[in-house]
Amino acid sequence: MTRRWISPLIPAAMLGGCATAVAPVDVTRFHTGGVPTTGTVALAPAPGIDGSAIEYRTYANAVAVALTRTGFTVAEPGSAARLTATVGYDVAVQRPYERGSPVSVGVGGATGSYGSGVGLGIGINLSGRPKPVIATRLSVRLSRSGTREALWEGRAETAAKEGTPAAQRGMAAAKLADALFRDYPGQSGATITVR
C-alpha cells in the first residue's frame, strides 16, 4: 500500500530536480536583401574585446556551433574565409533596488451598523535580500571579409538571477547564440522573444 503511494512521487521529484527554468531571450536582427546562407566564416572579436580571453572563446564557440547548425562552415583560426562574424558580448550585474525595512506595520479601522473596530497588522519579510540579476547580451555582425559592410547583424539579450544555472556563462552563451540564429536570417528590424 505504501509502495503504491510513494512510487508515483519519485519520477515527479526526479523531473523537478532536472528541470531548469530557462529565461526568455529577446532577439533583434537587421539585414538587407541577398543575405548569405552558406560559406566559410571566420570569427573575430568586436573592438575592445580580448580575443584570447576565455570568456570570449566561450561566446565565440557558441556562435560557431550556431553558425554550423545554420549551414555555414567555420574557418580554422588564421585561415582565409569569405565572411567574417564579429562577436561581441556584454555582461552586467543588476542589483535590485531595496527600500525600507523588512518589517511593515499597518493600522486599519472600520465603523458600521454593528459597531466599530480597529485592527493592527505586522508583516515581516523573511525572504531575505533579492538576488542580483545577471543581464547578458550577445551581438554578431556578419560581413564580407576585407570590408566593413554589414550583411547581417543581430543581438540577443537575456537575464537570470545570480546563482541559477541560466546565469552561468556557458549556458547563457549557448542559449543566446541558438536564439540569435534560429530561423536565420529572421525578419529584419523585428524583436522576437525566444523561450
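Keep in mind it's a predicted model, so treat the numbers as computed, not measured. (Residues numbered from 1 in each chain as written. Predicted model: local features only at pLDDT ≥ 70, side-chain atom pairs only at ≥ 80, totals over all residues. Heavy atoms only, no water.)

## Points about the pairing of strand β4 (residues 83–94)
Taken residue by residue, a regular strand's side chains alternate between the two faces of the sheet. Across five bridges, the pairing between strand β2 (residues 40–45) and β4 is parallel. When the bridges of β4 are listed, Pro45 appears paired with Val87. Judged from the twelve bridges that link them, β4 and strand β7 (residues 133–144) form a sheet pairing that is antiparallel. Directly across from Ala92, in β7, lies its bridge partner Ala135. (Pairing = 2+ DSSP bridges. Helix = DSSP H or I, 4+ residues; strand = E, 2+ residues; numbered from the N terminus.)

## A word on helix α3 (residues 54–70)
Given a rise of 1.5 Å per residue, 17 residues ought to cover 24 Å, and the 24 Å separating the end C-alpha atoms of α3 matches this to within 8%. Turning to α3, its buried residues are Tyr56, Tyr59, Ala60, Ala62, Val63, Ala64, Ala66 and Leu67. Elements that come into contact with the buried residues of α3 comprise β2, β3 (73–74), β4, β7 and α4 (169–181). Downstream of α3 by a residue or two, Gly71 has a phi angle that is positive, lying close to 125 degrees. (Expected span 1.5 Å × (residues − 1). Buried < 20%, exposed > 50% of the residue type's maximum accessible area, 1.4 Å probe, protein only. Contact = heavy atoms within 4.5 Å.)

## As for the pattern of salt bridges
Pairing is possible between side chains that carry opposite charge, provided their charged atoms lie close to one another. Applying the stated rule across the entire model yields four salt bridges. Across the salt bridge formed by Glu55 and Arg169, the nearest N and O atoms sit 2.7 Å from each other. One end of the pair, Glu55, is in helix α3; the other, Arg169, is in helix α4, and 114 residues separate them in sequence. With a shortest N-O distance of 3.2 Å, Asp178 and Arg69 are connected by a salt bridge. Within this pair, whereas Asp178 is found in helix α4, its partner Arg69 is found in helix α3, the two being separated by 109 residues in sequence. (Salt bridge = Lys/Arg side-chain N within 4 Å of Asp/Glu carboxyl O.)

## Quick look at the confidence of the model for the chain
A low pLDDT means the predicted coordinates there should not be read in detail. When pLDDT is averaged along the chain, the result is 80; 72% of the residues meet or exceed 70. Note that residues 1–20 has pLDDT below 50 and, in this model, one contact with residues that lie over four places away or in other chains. (pLDDT = per-residue confidence, 0-100.)

## Some points on the nonpolar core
Counting 32 residues, the largest nonpolar core has Val63, Leu138, Val140, Leu142, Trp152, Leu180 and Phe181 as its most contacted members. Residue assignment for this core shows that the elements contributing at least two residues are β1 (25–31), α3, β4, β7, β8 (150–161) and α4. For this core, the element with the most residues is α3, which contributes seven residues. When residues no more than four places from it in sequence are discounted, the contact partners of Phe181 are Arg29, Val63, Ala66, Leu67, Thr70, Val140 and Trp152. (Core = buried A, V, L, I, M, F, W, Y, C linked by side-chain atoms within 4.5 Å.)

## Description of the packing of aromatic side chains
In the structure shown here, the tally under the stated rule is five aromatic pairs. With a centroid separation of 5.0 Å and 25 degrees between ring planes, the pair formed by Trp152 and Phe181 is classed as stacked. Here the residue Trp152 occupies a position in strand β8, and Phe181 occupies one in helix α4, the gap between them amounting to 29 residues. Overall, the relative accessible area of 0% leaves Trp152 in the buried class. Through a chain of ring-to-ring contacts, three or more aromatic side chains come together here, namely Phe72, Trp152, Phe181 and Tyr184. (Phe/Tyr/Trp six-rings, centres within 6.5 Å; stacked < 30°, edge-to-face > 60°.)

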